[in-house]
Amino acid sequence: MPRQCDICHDARAIVRRPKTAQSICKECFFHVFETEVHNTIVSSRLFQRGDRVGIGASGGKDSTVLAYVMKTLNERYNYGLDLYLLSVDEGIAGYRDDSLETVKRNKEQYELPLLIVSYEQLYGWSMDSIVQAVGRKNNCTFCGVFRRQALDRGALMLDLDHIVTGHNADDVAETILMNIFRGDISRLGRCTEIATTGDGYVVRSKPFKYAYEKEIVMYAYLRRLDYFSTECTYSPNAYRGYAREFLKSLERVRPSAILDIIHSGEAMHVAADVQLPTLDRCERCGYISSNKVCKACVLLEGLERGIPKLGVSRTNAKHIEDPTANRAVDLVHFETLRRDALELRRIRMENKQTTQPEPDASCQRSACSCACDNAADCS
Ligand SMILES: Nc1ncnc2c1ncn2[C@@H]1O[C@H](COP(=O)(O)OP(=O)(O)OP(=O)(O)O)[C@@H](O)[C@H]1O
């Protein structure tokens, strides 16, 4: 006889939750998955009403589920967020161009505005051309550093308050393990935080911090979401690969290992007398950096001078030229982007004020979209 759902005791169970070992039906699975993400958002106070939130959208399963769930929760619980899709085109033919087609379909399906920024446009180099210059060995370093900054640049172009990414519990646990193995305590502290200030202007957070990758895949499958599932054509990050293997082997014996590692990481504290790197702004492009020149600028200089290894290791980074020297590709300074964003905001506020409807004195509703600025559905 088919097993009944452990939650509603009515429908047939079709999912066994790795997190709790419960066997549950499809509707209960959707409900618990979405409610857990909502609880994470509320208990961490991730957003404020009116926030402009960009969803880092790669077209893969995590960010596609994130876009769907963020839209659903925003409507269900009336968060009052303005949601956007923000994608980075790294310039990887046969991979990112195809996954961005998925994001363009998601834009229509979820009715969310989309901005795509590309490495070519921002840095003058696509990943395909970087790999030609660097080879396959260290290309992930370039991609990771450039993507992080590209998302922050895109966020300023859209005047966002916040970026959410689809990093899930498995990703967080892997990163904790990697930072422990490397003894990188400053990163260890940051990687367990659910929200960070990224470039110093835009908050960045991981609403899926406690969501298991397996459940995200199940959710995407059961909701029949449109996502892209091919792996990147270039070599995967080898070190993360080891941490992932190790985590998977722990999860096989003890499924709670993923959450256990996250909670242990959260409980670790750096002793007060340990000196951590201080963050300042890059002298060239204004991006947040613990050195005079940020990693992206050093990597770019290496590419332009034909010494692509410059910046790949920490010691090489010291051999850069005069930090103020002109280069072939000048990144738009972050302060310029920031000023443009503030100007955009000013114009938007002005437009909002001139197009506001007159307050409706007779309106008695608590949820109201007339000028009393409550919420939706005031008739
Ligand atoms: N090209 C991109 N454009 C926008 N956001 C991105 C891009 N690549 C990654 N991200 C963001 O960073 C998160 C983690 O990226 P990662 O490369 O680890 O991919 P992933 O675990 O395969 O996620 P996904 O399934 O969403 O591709 C993604 O969920 C997404 O929010």
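Rules behind the numbers
Residues numbered from 1 in each chain as written. Predicted model: local features only at pLDDT ≥ 70, side-chain atom pairs only at ≥ 80, totals over all residues. UniProt positions renumbered as here; feature names shortened; annotations may be inferred. Domains from an automatic or database assignment. Contact = placed C-beta atoms within 7 Å. Helix = DSSP H or I, 4+ residues; strand = E, 2+ residues; numbered from the N terminus. Nonpolar A, V, L, I, M, F, W, Y, C, P; charged D, E, K, R; others polar. Near = placed C-beta within 6 Å. Buried ≥ 20, exposed ≤ 12 C-beta atoms within 10 Å, placed from the backbone. Expected span 1.5 Å × (residues − 1). Arc of directions from axis to C-beta. Pairing = 2+ DSSP bridges. Right-handed = clockwise from strand over helix to strand, strands pointing away. Core = buried A, V, L, I, M, F, W, Y, C linked by C-beta atoms within 7 Å. Axes fitted to C-alpha atoms, helices over the stretch in contact; angles between N-to-C directions. pLDDT = per-residue confidence, 0-100.

Going by what an unreviewed UniProt entry lists, the protein is known as Cytoplasmic tRNA 2-thiolation protein 1 and is assigned to Coemansia thaxteri. For the record of the protein, the UniProt heading Subcellular location (unreviewed entry) holds the text "Cytoplasm". Database annotation for the protein, UniProt heading Pathway (unreviewed entry): "tRNA modification; 5-methoxycarbonylmethyl-2-thiouridine-tRNA biosynthesis."

Caption draft 1: Highlighting the domain arrangement of the protein. Entries for the protein in the domain assignment read domain 1 (26-229 + 237-270) and domain 2 (277-350). With centres defined by C-alpha atoms, the gap from domain 1 to domain 2 works out at 23 Å. On the domain 2 side, the residues contacting the 21 residues of domain 1 number 18 residues. Broken down by secondary-structure element, the contributors of at least two residues to the side of domain 1 that touches domain 2 are α4 (119-123), α5 (127-134) and α6 (139-157). Here the side of domain 1 that touches domain 2 takes eight residues from α6, the largest share from any one element. Of the residues belonging to the side of domain 1 that touches domain 2, the class tally is 12 nonpolar, six polar and three charged.

Caption draft 2: Region of the structure containing the site of the ligand. Residues in close proximity to the ligand total 15 residues, the closest being Gly 56, Gly 60, Asp 62, Ser 63 and Gly 166. Secondary-structure elements contributing two or more residues to the shell around the ligand are α2 (61-76) and β4 (82-89). Classifying every residue of the shell around the ligand by side-chain character gives two nonpolar, eight polar and five charged.

Caption draft 3: Structural context of unusual backbone geometry. One non-glycine residue, Arg 45, lies in the positive phi region at around 45°. Within the element layout of this structure, Arg 45 appears in the loop between α1 (26-43) and β3 (52-56). Here Arg 45 falls in the exposed class, since 9 other C-beta atoms lie within 10 Å of it. Backbone geometry at Arg 224 places phi at a positive 55°, although glycine is not the residue there. With respect to the helices and strands, the residue Arg 224 is situated in the loop between α9 (213-222) and α10 (238-253).

Caption draft 4: How the structure looks around helix α3 (residues 96-110). Here α3 spans 20 Å end to end across 15 residues, near enough to the 21 Å set by a 1.5 Å rise per residue. Looking at α3, one finds that the buried residues are Arg 96, Ser 99, Leu 100, Thr 102, Val 103, Asn 106 and Tyr 110. Along the axis of α3, the buried positions cluster into a sector of 150°, meaning they face one direction only. In α3, the exposed positions that point more than 90 degrees away from the buried face belong to Asp 97, Glu 101 and Glu 108. Looking at the packing, one finds that the buried side of α3 touches α2, β4 and β5 (114-118).

Caption draft 5: Structural context of the pairing of β5. Across five bridges, the pairing between β4 and β5 is parallel. Within β5, the position partnered with Asp 89 by the bridge is Ser 118.

Caption draft 6: Focus on the pairing of β4. With respect to burial, β4 is a largely interior element, seven of its eight residues being buried. For β3 and β4, the ladder comprises five bridges, and the chain directions are parallel. Each bridged residue has a counterpart across the sheet, and for Val 53 the counterpart in β4 is Leu 83. This β-α-β element, β4 to α3 to β5, shows right-handed connectivity.

Caption draft 7: Expanded view of the nonpolar core. In terms of nonpolar packing, the biggest core is built from 84 residues, with Ile 55, Leu 66, Ala 67, Leu 86, Ala 155, Ala 173 and Cys 297 touching the most fellow members. Counting residues per element, this core draws most heavily on α6, which supplies seven residues. With residues near it in sequence (within four places) discarded, Ile 55 still touches Ser 63, Leu 66, Ala 67, Met 70, Leu 83, Tyr 84, Leu 85, Leu 86 and Val 164.

Caption draft 8: Summary view of the environment of Thr 196. Inspection of the secondary structure puts Thr 196 in strand β7 (residues 195-196). Once you skip the residues sitting within four places of it in the chain, Thr 196 turns out to touch Arg 190 and Arg 204.

Caption draft 9: Representation of the sheet that holds β4 within the structure. In space, the six strands of this open sheet follow the order β5-β4-β3-β6-β8-β7, with mixed pairing throughout. Every interior strand has two partners, whereas the edge strands, β5 and β7, have only one. Here α2 sits on the sheet and contacts β3, β4 and β6 (162-164); the angle it forms with β3, its principal contact strand, is near 155°. Together, β3, β4, β5 and β6 form the strand contacts of α6, whose direction differs from that of β4 by roughly 140°.

Caption draft 10: Region of interest: the environment of Asn 168. Within the secondary structure, Asn 168 sits in the loop between β6 and α7 (169-182). In this view, Asn 168 contacts Asp 62, Phe 208, Ala 211, Tyr 212, Glu 213 and Ile 216; residues no more than four positions away in its chain are not counted.

Caption draft 11: Spotlight on the confidence of the model for the protein. On average, residues of the protein score 87 in pLDDT, and 87% of them reach the 70 mark or higher. Within the model, the stretch residues 363-379 combines pLDDT values under 50 with 31 contacts to residues more than four positions away or in other chains. In the model output, the complex is listed with pTM 0.88 alongside ipTM 0.97.

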